[in-house]
Amino acid sequence: MKHYEVEILDAKTREKLCFLDKVEPQATIAEIKNLFTKSHPQWYPARQSLRLDPKGKSLKDEDVLQKLPVGTTATLYFRDLGAQISWVTVFLTEYAGPLFIYLLFYFRVPFIYGHRYDFTSSRHTVVHLACICHSFHYVKRLLETLFVHRFSHGTMPLRNIFKNCTYYWGFAAWMAYYINHPLYTPPTYGAQQVKLALAIFVICQLGNFSIHMALRDLRPAGSKTRKIPYPTKNPFTWLFLLVSCPNYTYEVGSWIGFAIMTQCLPVALFSLVGFTQMTIWAKGKHCSYLKEFRDYPPLRMPIIPFLL
Amino acid sequence: MAAGAATAAAKGNGGGGGRAGAGEAGGARKKKGPGPLATAYLVIYNVVMTAGWLVIAVGLVRAYLAKGSYHSLYYSIEKPLKFFQTGALLEIIHCAIGIVPSSVVLTSFQVMSRVFLIWAVTHSVKEVQSEDSVLLFVIAWTITEIIRYSFYTFSLLNHLPYLIKWARYTLFIVLYPMGVSGELLTIYAALPFVRQTGLYSISLPNKYNFSFDYYAFLILIMISYIPIFPQLYFHMIHQRRKVLSHTEEHKKFE
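By the naming in an unreviewed UniProt entry, chain B goes by Very-long-chain (3R)-3-hydroxyacyl-CoA dehydratase and is assigned to Ceratotherium simum simum. Comment text from UniProt for chain B, heading Pathway (unreviewed entry), reads "Lipid metabolism; fatty acid biosynthesis." A UniProt comment under Sequence similarities (unreviewed entry) is attached to chain B, and it reads "Belongs to the very long-chain fatty acids dehydratase HACD family."

Looking at an unreviewed UniProt entry, chain A carries the name very-long-chain enoyl-CoA reductase, with the source organism given as Ceratotherium simum simum. According to UniProt, the comment filed for chain A under the heading Pathway (unreviewed entry) is "Lipid metabolism; fatty acid biosynthesis."

Here it is, written out as structure tokens:
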């Protein structure tokens, strides 16, 4: 069996970083990354980007050396992706924050509102309901992170955790401050408004969960396969007929419900910002689907049926 | 910050009237440049803006000579100042449609901060209009903009006199701190009046469960100058070294 030689050069300086001889033809990029780490332990595999061209796209971990357009001496270019952190860690941190922070405001912990309000309780039912909904939402997200989601990538750049946590924790504090404020004004249309909003919220939470489960079932454990998602027997998944990313659609719906329930402008602003970000993600995902699958259903829009 | 941000330059703007701030890379860019129609429009735009700021400059000088003092000159140039500074909002659109190779985000930030100072501070809080700090930033902006817009005009016509390039990359050393000082002092002067009148502020309780304290907001704006000003200033110094030494090199080989 003919062995390959692999040399790894720095993509920017073209400096020779590593030379591997006697590499199996069926070796994967993942295995090569592991070999590279041996000589440069500070660059663990997750922060390595290896490519055939210094300015080209990263090779995937699953790519096999033999199948790449290289001679028996392969030249790979390395780029450092920077310190990495696992998706699971980021998700758990960014979701645990809002759960905890909201409760600080709900229980009116000292130094937030005036001292005479310390540890008092709101007299509005909707405030208690809002706390339950908000907490439920983030508990659901934490559980999904631990037990439901199957991630394509193991890691993301470290600086993302600071960015993401600032966003989630900041908004959570801002919303919670007003909803749990002693001078909070309940919704204009009273119980009617709250009931409608609660219905929207619950439906969208169930919908979002159904989509997460459907997406999970598309992909076997430990794999990174990608398939077109289709509606299942669960009616909540029928939204797949009209949108590529119904999980985002339901998520926006949940927050709109929460905004109507609390009639709180900061919640509406949070929903708007979230909607903007999710639309960008949905459009990206939609484009990826279109590129990857020739037979992708043409009726589907990225996030809002028929519109967006 | 608004003063300096606007002086922050891109490496010699060949085909466009672009501008850069702390974030713009100095690396190689695909030089497509705007088409002939866009170039004609941009030349007209930059000429008009140069003229506008010259009008403001002349207005200041005439008012000073007429009054005999440099106090309260704002009133004599209030209208053209508002018109031409607000007109700069068009530059955001120029970036958005791609006829100018600059970042929309950066340009928005720069123009918005100027517009904010003109309308949300100076116009809104009448009591600060007679402050000397207003004159400080108006002068800084006027000189900066005259140079900047003529720089773009000449660049578009591919005929940039070294003097203009030199001025753009040198005068900021004094003009930027001068402008920043004027801006900060003006915001500071506005504070007590904002507090007194509750300008642009909403308090609880209200049916949207929202509050906004413009006084606190202005203080946050002032604090934001601390990280932003040094970044932009040193970026300009760095650009100056690159652009002016590059020209020196060029001259050597001629």
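Two aromatic rings, taken as a pair, are described by how far apart their centres are and by the angle between their planes. Residue and element names in this part refer to chain A. Enumeration according to the criterion identifies 49 aromatic pairs over all chains in this entry. Ring centres of Tyr 95 and Tyr 138 lie 6.2 Å apart, and the angle between their planes is 50°; on these two criteria the pair is classed as tilted. Taken as a pair, Tyr 95 in helix α2 (residues 87-106) and Tyr 138 in helix α3 (residues 125-147) lie far apart in primary sequence, 43 residues in all. Tyr 95 sits in the buried class, given a relative accessible area of 7%.

On to the UniProt feature "transmembrane region" (unreviewed entry) in chain A. This chain's UniProt record puts "transmembrane region" (unreviewed entry) on residues 85-107, 196-215 and 256-275 of chain A. Helix makes up 100% of residues 196-215 of chain A and strand 0%, and the two end C-alpha atoms of the span are 29 Å apart.

Taken together, the contact pairs 8 residues of chain B with 12 residues of chain A. Both faces combined, the contact of chain B with chain A buries some 890 Å², and carbon together with sulfur accounts for 60% of it. The largest per-residue losses of area from chain B upon contact with chain A belong to Leu 204, Asn 209 and Phe 210 of chain B, which jointly make up 58% of the total buried on that side. Counting across the interface, chain B meets chain A through 0 salt bridges. Inspection of the chain B/chain A interface yields 6 residue pairs in polar contact (both at pLDDT 80 or more). The class makeup of the residues in the side of chain B that touches chain A is 4 nonpolar, 3 polar and 1 charged.

Here we take up the nonpolar core. One finds Trp 53, Leu 81, Val 138, Tyr 149, Ile 187, Tyr 214 and Leu 218 of chain B to be the most contacted residues of the largest nonpolar core, which totals 53 residues. Listed by contribution, the elements that provide at least two residues to this core are α2 (36-67), α3 (74-87), α5 (104-123), α6 (132-156), α7 (162-170), α8 (172-197) and α9 (214-253) of chain B. Setting aside residues no more than four positions away along its own chain, Ile 187 of chain B makes contact with Leu 117, Val 121, Leu 218, Ile 221, Met 222 and Tyr 225 of chain B. Core analysis: the second largest hydrophobic core is formed by 33 residues, Phe 91, Tyr 113, Trp 255 and Met 261 of chain A among them.

What follows is about the confidence of the model for chain B. Model confidence for chain B is summarised by a mean pLDDT of 87, while 84% of its residues fall at 70 or above. Residue range residues 7-29 of chain B is modelled with pLDDT below 50. Its contacts to residues more than four positions away, or to other chains, number 74 contacts.

Residues and elements named next belong to chain A. With respect to burial, strand β1 (residues 4-10) is a largely interior element, 6 of its 7 residues being buried. Inspection of the sheet shows β1 paired to strand β2 (residues 16-23) by 5 bridges, in the antiparallel sense. Looking at the pairing, Val 6 lines up with Leu 20 of β2. As defined by bridge partners, β1 adjoins strand β4 (residues 73-80) across 6 bridges and the pair is classed as parallel. Residue pairing for β4: Leu 9 is matched across the bridge by Tyr 77.

Next up on the list: the pattern of salt bridges. For the coordinates displayed, the defined rule picks out 10 salt bridges over all chains. For Lys 16 of chain A, the salt bridge is made with Glu 7 of chain A, and the minimal N-O distance between the two is 3.6 Å. Of the charged contacts, one joins Arg 195 of chain B and Asp 213 of chain B as a salt bridge, the two residues approaching to 3.7 Å between their closest N and O atoms. Residue Arg 195 of chain B is found in helix α8, and its partner Asp 213 of chain B is found in the loop between α8 and α9; the two are separated by 18 residues along the sequence. Among the ionic contacts, a cluster of salt bridges with common partners joins Glu 91, Arg 114, Glu 145 and Arg 148 of chain B.

Leu 204 of chain B connects to Pro 205 of chain B through a cis peptide bond whose omega is -5°. Notably, Arg 108 of chain A is not glycine yet its phi reads approximately 50°, a positive angle. Along the polypeptide, Arg 108 of chain A turns up in the loop between α2 and α3. Classification of Arg 108 of chain A by relative accessible area gives buried; the value is 5%. In the Ramachandran plot, Asn 209 of chain B falls in the positive-phi region, its phi being about 50° despite a non-glycine side chain. Along the polypeptide, Asn 209 of chain B turns up in the loop between α8 and α9. Asn 209 of chain B sits in the buried class, given a relative accessible area of 0%.

Reading the values: the criteria
- Residues numbered from 1 in each chain as written.
- Chains lettered and ligands numbered in written order.
- Predicted model: local features only at pLDDT ≥ 70, side-chain atom pairs only at ≥ 80, totals over all residues.
- Heavy atoms only, no water.
- UniProt positions renumbered as here; feature names shortened; annotations may be inferred.
- Phe/Tyr/Trp six-rings, centres within 6.5 Å; stacked < 30°, edge-to-face > 60°.
- Helix = DSSP H or I, 4+ residues; strand = E, 2+ residues; numbered from the N terminus.
- Buried < 20%, exposed > 50% of the residue type's maximum accessible area, 1.4 Å probe, protein only.
- Contact = heavy atoms within 4.5 Å.
- Buried area = accessible area lost by both parts, 1.4 Å probe.
- Salt bridge = Lys/Arg side-chain N within 4 Å of Asp/Glu carboxyl O.
- Polar contact = N/O pair within 3.5 Å; in protein donor to acceptor, adjacent residues only side chain to side chain.
- Nonpolar A, V, L, I, M, F, W, Y, C, P; charged D, E, K, R; others polar.
- Core = buried A, V, L, I, M, F, W, Y, C linked by side-chain atoms within 4.5 Å.
- pLDDT = per-residue confidence, 0-100.
- Pairing = 2+ DSSP bridges.

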